[in-house]
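# Geometric and topological summary
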Amino acid sequence: MRKTALSLLSAVVAAVLIAGSSYAQGPRLANAKTSATPDAATMPVTTVVTALGPNFTAPPAISKDDVAVYSGNTREDVASFVPARGPKAGLQLAILIDDDASPTALGSHFQEIKDFIEAQPPTTEVGIFYASSGSARPAAAFSSDHQAVAKKLRLPLGKFFGASPSVYLSLKDLAKNWPSNDMRHEVLMIASGIDRLHPGLDSPYVDQAVEQVQKSGVIVHTIYTGGFRLANSQLLQQVAWQNLSRIAGDSGGQQFFQGFETPVNFLPIFHKLNIALGNQYLLTVQMPRSSKTKGELRAIKIRTEQRDIHLSYASQVFVPGSASERSGD
């Protein structure tokens, strides 16, 4: 029975991998702008698209005419497609660390994380948060003073003190309470991926986190770090990895996974993440307004005819209704 369960799970994981790596999946903007009047038939919705060449290389420039956006079978009107550079380069990057993680495992990467923070450009504000007790507890508020932020980095408390029931509740809390502004909102989540409230398949807390990050337009990048409870269970390892893969893929982020252990070196990961952050576009699409009062999530697909370009973006964007709020419920 256990072999059968693992075989089925492996097939599911393979399907997730294929969907996440297609040339039509990816991220969405945390602050989608809406400027239409309440009775307008359509309204502009803005989302973030990451464009990468093979093996995390910078792609050639992409213009508005190079992309097509579909909602179901309907091709939507692309209003603009501009690089997230210059006056549009603003980014708030939250580093979310599971407080239940192994201090020993992350301790060897402490300086690498600090160096990554300090190397961010002036247009990026970095904040540090710890997933604990179902919330995202700030250690350093968003700031472009990267050295000051890096000094607030600390080791996780570990399994006896962190007591985080579910890192996905903390991610949901972070996304829901993110202050609205015109910057991109992205998370680097460093965690084992296990949901301690629901360690098996189909966790409702993972579902809730996915829904909230999509409503809030938050892009999540994940680094799998292994964990205390995963060492002797291949099934739990695969479920935990699948959770992280889903969060990243459905929000339009990048998922970094090197086997079922904490990566030996974070530097190659940070190099790839920096390339991804530096090759993002703000896509604005004119979409039919939601008929639901509080708005709705709407699935989209983005295509480009340019060769060897991988587009990442959120699988769903939030389309407001007459009385909806961007932060969601």
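This section reports on the structure supplied with the text. (Residues numbered from 1 in each chain as written. Predicted model: local features only at pLDDT ≥ 70, side-chain atom pairs only at ≥ 80, totals over all residues. Heavy atoms only, no water.)

On to the sheet that holds strand β8 (residues 219-224). In space, the 6 strands of this open sheet follow the order β6-β5-β4-β7-β8-β9, with mixed pairing throughout. The sheet is open, and its two borders are formed by β6 (135-143) and β9 (255-256), each paired with just one other strand. Across 8 bridges, the pairing between strand β4 (residues 91-98) and strand β5 (residues 124-132) is parallel. The residue bridging aspartate 98 from the neighbouring strand is alanine 131, located in β5. The sheet strands contacting helix α5 (residues 167-176) are β4, β5, β6, β7 (184-191) and β8, and the helix crosses β7 at an angle near 165°. (Pairing = 2+ DSSP bridges. Helix = DSSP H or I, 4+ residues; strand = E, 2+ residues; numbered from the N terminus. Contact = heavy atoms within 4.5 Å. Axes fitted to C-alpha atoms, helices over the stretch in contact; angles between N-to-C directions.)

Any aromatic ring pair is given by two values, namely how distant the centres are and how the planes are angled relative to each other. This structure, assessed with the given rule, holds 8 aromatic pairs. Both rings, one in phenylalanine 81 and one in tyrosine 281, keep their centres 4.5 Å apart while their planes meet at 5°; by these two values the pair is stacked. Note that phenylalanine 81 is positioned in strand β3 (residues 74-83) and tyrosine 281 in strand β10 (residues 280-288), a separation of 200 residues in sequence. Across the pair, tyrosine 281 and phenylalanine 81 agree in class, each one buried. Taken together, the aromatic side chains of Phe116, Phe266 and Phe270 make up a single cluster linked through ring pairs. Just above the ring of tyrosine 130 sits the side chain of arginine 154; from NZ or CZ to the centre is 3.8 Å. (Phe/Tyr/Trp six-rings, centres within 6.5 Å; stacked < 30°, edge-to-face > 60°. Buried < 20%, exposed > 50% of the residue type's maximum accessible area, 1.4 Å probe, protein only. Lys NZ or Arg CZ within 6 Å of the ring centre and 35° of its normal.)

To continue, consider the nonpolar core. In this structure, Ile95, Ile117, Leu188, Ile190 and Ile223 are the most contacted members of the largest nonpolar core, which totals 29 residues. Of all the secondary-structure elements, those providing two or more residues to this core are β4, α3 (110-118), β5, α4 (146-150), β7 and α8 (267-277). Ranked by the residues each element gives to this core, the list is headed by α8, at 6 residues. Excluding its chain neighbours within four sequence positions, the residues that come into contact with isoleucine 190 are Ile95, Leu96, Ile97, Asp98, Leu106, Ile113, Ile223 and Thr225. One finds Leu174, Ala175, Ile194 and Ala240 within the second-largest nonpolar core, a separate group that totals 25 residues. (Core = buried A, V, L, I, M, F, W, Y, C linked by side-chain atoms within 4.5 Å.)

Turning to the environment of isoleucine 223, a few remarks are in order. Relative to the assigned elements, isoleucine 223 resides in strand β8. For isoleucine 223, a relative accessible area of 0% translates into the label buried. A C-alpha to C-alpha distance of 8.4 Å links isoleucine 223 and isoleucine 269, two positions 46 residues apart in sequence. Once residues within four sequence positions are removed from consideration, isoleucine 223 is found in contact with Leu188, Met189, Ile190, Ala191, Leu244, Phe256, Pro263, Phe266, Ile269 and Phe270.

At a minimum axis distance of 9 Å, the contact between helix α6 (residues 204-216) and helix α7 (residues 234-251) shows a crossing angle of 20°. When the axis of α6 is compared with that of α7, the two are roughly parallel. For the pair α6 and α7, the crossing hand works out as right-handed. Residues Val206, Asp207, Ala209, Val210, Val213 and Gln214 of α6 lie in contact with α7, whose contacting residues are Asn243, Arg246, Ile247, Asp250 and Ser251. (Parallel < 35°, antiparallel > 145°, perpendicular 65-115°, else oblique. Left-handed = near helix turned anticlockwise from the far one by under 90°.)

If you walk across this open sheet you meet the 6 strands as β12-β2-β3-β10-β1-β13, and the pairing is antiparallel. Both edges of this open sheet fall to β12 (301-304) and β13 (310-312), since each of them pairs with a single strand only. Looking at each pair of strands side by side, their axes are set apart by 35° on average, direction ignored. Relative to β13, strand β1 (residues 42-52) runs antiparallel, the two being bridged by 3 bridges. Looking at the pairing, leucine 52 lines up with histidine 310 of β13.

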